[in-house]
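Survey of secondary and tertiary structure
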Amino acid sequence: YVPSQADVAVFDALSGAPAAELTHALRWYNHIKSYEKQKGSLPGVKKPLGKYGPVNIEDTTGSKEAEEEDDDIDLFGSDDEEESEEAKKIRDERLAQYESKKSKKPALIAKSSILLDVKPWDDETDMAKLEECVRTIHMDGLVWGASKLVPVGYGIKKLQIQCVVEDDKVGTDVLEEKITAFEDYVQSMDVAAFNKI
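The chain goes by Elongation factor 1-beta in an unreviewed UniProt entry, where it is assigned to Hymenochirus boettgeri. According to its UniProt record, the chain has this under Sequence similarities (unreviewed entry): "Belongs to the EF-1-beta/EF-1-delta family."

1. Here we look at the pattern of salt bridges
Counted by the stated rule, this structure contains eight salt bridges. Among the ionic pairs, Glu 132 bridges to Lys 129, the shortest N-O distance being 3.5 Å. Placement of both Glu 132 and Lys 129 in helix H5 (residues 127–135) is noted, with a separation of three residues, approximately one turn of the helix. Glu 166 serves as the salt-bridge partner of Lys 169, at 3.3 Å between the closest nitrogen and oxygen.

2. Comments concerning the sheet that holds strand S1 (residues 111–120)
Pairing within the open sheet is antiparallel, and its four strands lie in the order S2-S3-S1-S4. The open sheet has two edge strands with one neighbour each: strand S2 (142–153) and strand S4 (186–196). Looking at each pair of strands side by side, their axes are set apart by 20 degrees on average, direction ignored. Contacting S1, S2, strand S3 (156–166) and S4, H5 runs over the sheet at an angle of about 15 degrees to S3. Across the sheet, helix H6 (residues 172–179) touches S1, S2, S3 and S4, and the angle it forms with S4 is around 155 degrees.

Cut-offs and rules
- Residues numbered from 1 in each chain as written.
- Predicted model: local features only at pLDDT ≥ 70, side-chain atom pairs only at ≥ 80, totals over all residues.
- Heavy atoms only, no water.
- UniProt positions renumbered as here; feature names shortened; annotations may be inferred.
- Salt bridge = Lys/Arg side-chain N within 4 Å of Asp/Glu carboxyl O.
- Helix = DSSP H or I, 4+ residues; strand = E, 2+ residues; numbered from the N terminus.
- Pairing = 2+ DSSP bridges.
- Axes fitted to C-alpha atoms, helices over the stretch in contact; angles between N-to-C directions.
- Contact = heavy atoms within 4.5 Å.

Laid out in structure tokens, this is it:
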């Protein structure tokens, strides 16, 4: 474990002492620095710095060509360089293919399943007529489903009716407005369940 000319070559190539957090490198640096007056008498033959280290690796230390090569590498694709005609043609073809595929796909229509509670005024309200009135409401994006009469109390029954709506075309507030417009039969309307499909 005696310093050699290889240590001297590496020491001379450094511009200064390594940072304090590199403890082993700093310890080595200080150790070799202590042999300042004896550098020439240390064992071994001093070779160029690139000759030390892994075998068959080209020495690029101090080489201007290596620095120029690094400058030529553009990791982020510079905007200054012109795109080749072939690359531009391929990109345009792929964009056209993507657009044609995208246009053939049907647009996804958001729908909801709604369960409505339609309440009559009293037990004498004709529930068959009430349901008939509700089903007369026709709107684009509205489909009526199954219905049943549910007892509320004191002989009064409410109409529970299912419908499927397209969210963009039919809202619950519009439905409520149209259903409660049948004032002779309908006292109020509530949304019992609302599920996205």
